[in-house]
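Structural features, examined
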Amino acid sequence: MSIINFEFKAKAENLAMLESKLLPLNPKFIGEDNQTDTYFNVASGRLKLREGNIENSLIYYERENTADAKQSNILLYKHNPDKVLKDILTRVNGIKVVVNKKRKIYFIDNVKFHFDSVDGLGNFIEVEAIDETGEIGIEKLKEQCNQYTILFGIKQSDFIADSYSDLLLQKTGND
């Protein structure tokens, strides 16, 4: 499945406070997921295998590292948990880094909200305006991200440019 996202990630001091700003809008609560994202070595973009109790998928994406809301071009393969898939990817590509996080997931229409506690990095909020069909369009996705940037009171200095994988590699000096 080919998807276009417009999204932002921001450092969050208080996840509960941010979540309390979303709840009056009656979002659909998907659940709390303990996720392990294994990133593999690839020539371009990012390839990760997400393993969780809610979401399991192989995700390839390309995105600029800019500290702002930005577009991601995604190829997504949803699957049932499968050790063999991970073994193949590990043998062929090698593991770049592993990200472990606890994630609360909500939706309002096509917009997905993540309230993340990432091992070794801290707390973050991610908002993804998702267009799975090409019918919404990038301008509407940008509008939606801007709306939630305002709702959550995200300042320019709060935005995170890099993926969690990049942040972990920078922290360990392995980038």
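Let us look at the structure shown here. (Residues numbered from 1 in each chain as written. Predicted model: local features only at pLDDT ≥ 70, side-chain atom pairs only at ≥ 80, totals over all residues. Heavy atoms only, no water.)

Some words on the environment of Lys83
Quick reminder of the rule: Here a helix means four or more residues in a row that DSSP labels H or I, a strand means two or more in a row labelled E, and each is numbered from the N terminus. What qualifies as a polar contact is a pair of N or O atoms within 3.5 Å, subject to a donor-acceptor requirement within protein and to the restriction that residues adjacent in sequence count only when both atoms come from side chains.
By secondary structure assignment, the location of Lys83 is in helix α2 (residues 83–93). Only 2.7 Å separates the side chain of Lys83 from the side chain of Asp87, close enough to count as a polar contact.

What to know about the packing of aromatic side chains
This is how it is decided: Two rings from Phe, Tyr or Trp (for Trp, the six-membered ring) form a pair when their centres sit within 6.5 Å of each other. Planes less than 30 degrees apart are called stacked, planes more than 60 degrees apart edge-to-face, and all others tilted. Using a 1.4 Å probe on the protein chains alone, a residue whose accessible area is under 20% of its type maximum counts as buried, one over 50% counts as exposed, and one in between counts as partly exposed.
Applying the stated criterion to the full structure yields 7 aromatic pairs. Judged by centre distance (5.5 Å) and plane angle (80 degrees), the rings of Phe8 and Phe159 are edge-to-face. With a gap of 151 residues between them, Phe8 in strand β1 (residues 2–11) and Phe159 in the loop between α3 (138–152) and α4 (164–172) connect regions that are remote in the sequence. A relative accessible area of 8% places Phe159 in the buried class.

Observations concerning the sheet that holds β1
So the rule is basically this: Should DSSP find at least two bridges between two strands, the strands are taken to pair. The axes are straight lines fitted to the C-alpha atoms, using for helices just the contacting stretch, and the angles between their N-to-C directions are given from 0 to 180°.
Judged by pairing direction, the barrel is antiparallel, and its 8 strands sit side by side in the order β1-β5-β4-β3-β2-β6-β7-β8 before closing back on the first. On average, each strand axis in the sheet is inclined to that of its neighbour by 35 degrees, with strand direction left out of account. Here strand β2 (residues 28–40) pairs with strand β3 (residues 46–51) via 5 bridges, running antiparallel. Opposite Thr36, over in β3, you have Glu51 as the bridge partner.

So, the pairing of strand β5 (residues 70–78)
Inspection of the sheet shows β1 paired to β5 by 6 bridges, in the antiparallel sense. In the strand pairing of β5, Phe6 is matched with Gln71. With 7 bridges connecting them, strand β4 (residues 57–63) and β5 associate as antiparallel partners. Pairing of Ile59 across the sheet is with Leu76, part of β5. Where β4 hands over to β5, the hairpin turn is made up of 6 residues, counted between the paired strands.

Quick word on the environment of Ser117
Assignment of secondary structure puts Ser117 in strand β7 (residues 111–118). Spatially, the C-alpha atom of Ser117 lies 18 Å from that of Gln170, the residues being 53 residues apart in sequence. At 2.8 Å, the side chain of Ser117 and the side chain of Asn123 are in polar contact.

As for the pattern of salt bridges
Condition: Here, a salt bridge means any Lys or Arg side-chain nitrogen found within 4 Å of an Asp or Glu carboxyl oxygen.
For the structure on display, the rule yields 16 salt bridges. Linking Glu7 and Arg63 is a salt bridge whose minimum nitrogen-to-oxygen distance equals 2.7 Å. With a gap of 56 residues between them, Glu7 in strand β1 and Arg63 in strand β4 connect regions that are remote in the sequence. Note on accessibility: Glu7 and Arg63 belong to one class, buried. Across the salt bridge formed by Arg50 and Glu55, the nearest N and O atoms sit 3.7 Å from each other. Residue classification places Glu55 among the buried residues on the basis of a relative accessible area of 16%. One salt-bridge network, in which partners are shared between bridges, spans Asp37, Lys48, Arg50, Glu55, Lys101 and Lys112.

Quick look at the nonpolar core
Spelled out, the test is: We define the nonpolar core as a collection of buried residues of types Ala, Val, Leu, Ile, Met, Phe, Trp, Tyr and Cys that are connected through side-chain atoms lying within 4.5 Å of one another. Only heavy atoms matter for contacts: two residues are in contact if any of them lie within 4.5 Å across the pair.
In terms of nonpolar packing, the biggest core is built from 22 residues, with Phe113, Phe115, Ile125, Val127 and Phe152 touching the most fellow members. Put simply, the parts of the chain that give this core at least two residues each are β1, α1 (15–22), β6 (95–108), β7, β8 (122–131) and α3. Considering each element in turn, this core owes the most residues, 4 residues, to α3. Leave out the neighbours within four places in its chain, and Ile125 touches Phe8, Lys9, Ala10, Ala12, Leu18, His114, Phe115, Phe152 and Ile154. In terms of nonpolar packing, the next biggest core, distinct from the first, is built from 17 residues, Ile74, Val118, Tyr164 and Leu169 among them.

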